Amino acid sequence: MKRIFLIGYMGSGKTTLGKAYSQACGLEFIDLDWYVEGRMHKTINELFAEKGEQGFREIERAMLHEVGEFENVVIACGGGTPCFFDNMPYMNSVGTTVFLDVDPEVLFRRLKIAKMKRPLLADKTDDELTETINSALSQRLPYYLQAKYHFNAEQLESHRQIERSVKLLDQLLNNQTI
Ligand SMILES: Nc1ncnc2c1ncn2[C@@H]1O[C@H](COP(=O)(O)OP(=O)(O)O)[C@@H](O)[C@H]1O
Ligand SMILES: O=C(O)C1=C[C@@H](OP(=O)(O)O)[C@@H](O)[C@H](O)C1
Ligand SMILES: [Mg+2]
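Since we're looking at a predicted model, the values are computed, not measured.

(A) View of the UniProt feature "binding site: substrate" (unreviewed entry) in the protein. The sites that UniProt annotates as "binding site: substrate" (unreviewed entry) are Asp-33, Arg-57, Gly-79 and Arg-140. In this structure, Arg-57 sits in helix α3 (residues 44–67). Contact partners of Arg-57, with chain neighbours within four places excluded, come to Phe-48, Gly-80, Thr-81, Phe-84, Phe-85, Leu-120 and Arg-140. A distance of 2.9 Å separates the side chain of Arg-57 from the side chain of Glu-60, its partner in a polar contact. Residue position: Gly-79 is located in the loop between β3 (73–76) and α4 (87–94). The contact partners of Gly-79, leaving out residues within four places of it in the chain, are Gly-8, Tyr-9, Met-10, Lys-14, Arg-140 and Tyr-144.

(B) Region of the structure containing the site of ligand 2. Around ligand 2, the surrounding shell holds 13 residues, and the nearest of these are Lys-14, Asp-33, Arg-57, Arg-118 and Arg-140. Contact distances for ligand 2 include 2.9 Å between an oxygen atom and a backbone N or O atom of Gly-79. Here an oxygen atom of ligand 2 and a backbone polar atom of Gly-80 are 3.3 Å apart. Protein chains shield 96% of the accessible area of ligand 2, which is 390 Å² for the free molecule. Here the shell around ligand 2 takes three residues from α3, the largest share from any one element. In the shell around ligand 2, the residues fall into five nonpolar, three polar and five charged.

Definitions and cut-offs
- Residues numbered from 1 in each chain as written.
- Chains lettered and ligands numbered in written order.
- Predicted model: local features only at pLDDT ≥ 70, side-chain atom pairs only at ≥ 80, totals over all residues.
- Heavy atoms only, no water.
- UniProt positions renumbered as here; feature names shortened; annotations may be inferred.
- Helix = DSSP H or I, 4+ residues; strand = E, 2+ residues; numbered from the N terminus.
- Contact = heavy atoms within 4.5 Å.
- Polar contact = N/O pair within 3.5 Å; in protein donor to acceptor, adjacent residues only side chain to side chain.
- Near = heavy atom within 4 Å.
- Areas by Shrake-Rupley, 256 points an atom, 1.4 Å probe, with all protein chains shown as cover.
- Nonpolar A, V, L, I, M, F, W, Y, C, P; charged D, E, K, R; others polar.

Next comes the structure, spelled out in structure tokens:
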């Protein structure tokens, strides 16, 4: 039975690589944000606006414990999931955690074009976005580094790169020599 949790900052590739890896390996794919939106019938933005970040985090934890029961699944977490409550020890106790490690410059480039759907980034200028990424990473790395595996997820900018990253992730998780 496989239960793989992908963690990392916003824009690190959890959803993109998770979906591609699950398809390549015949596993179910769950994006925790999408799961939350489906169960609550509200978008992440609406949940933040109506319940605040604390309220969102309590819902996120409850949904994590739901999907933490699923089998043969790849779960793309939200960027903050590991950093609240006992979520990181929980994921390490029920599955295999993988930290998608991406340079802040690459995160900036990716998030600059994809920030509007993320309430924590939506209205930030370029300088504010850079500052937010760097300060969040310094606060969150202690959680991300508790992952069993660390994977460089900087090669996700084309289908060919995604395919290559899927192969490299599979080799890492199955301890095959490259
Ligand atoms: N279909 C796509 N085409 C091109 N780039 C994409 C596509 N999907 C995602 N990306 C790039 O990969 C980055 C990672 O996105 P995503 O997988 O949503 O990360 P996460 O789930 O960790 O926040 C995006 O910000 C974007 O730059
Ligand atoms: O880093 C965070 O605190 C968040 C990351 C988002 O998920 P992605 O990492 O998939 O963007 C989403 O859970 C929410 O906007 C909060
Ligand atoms: Mg995502």
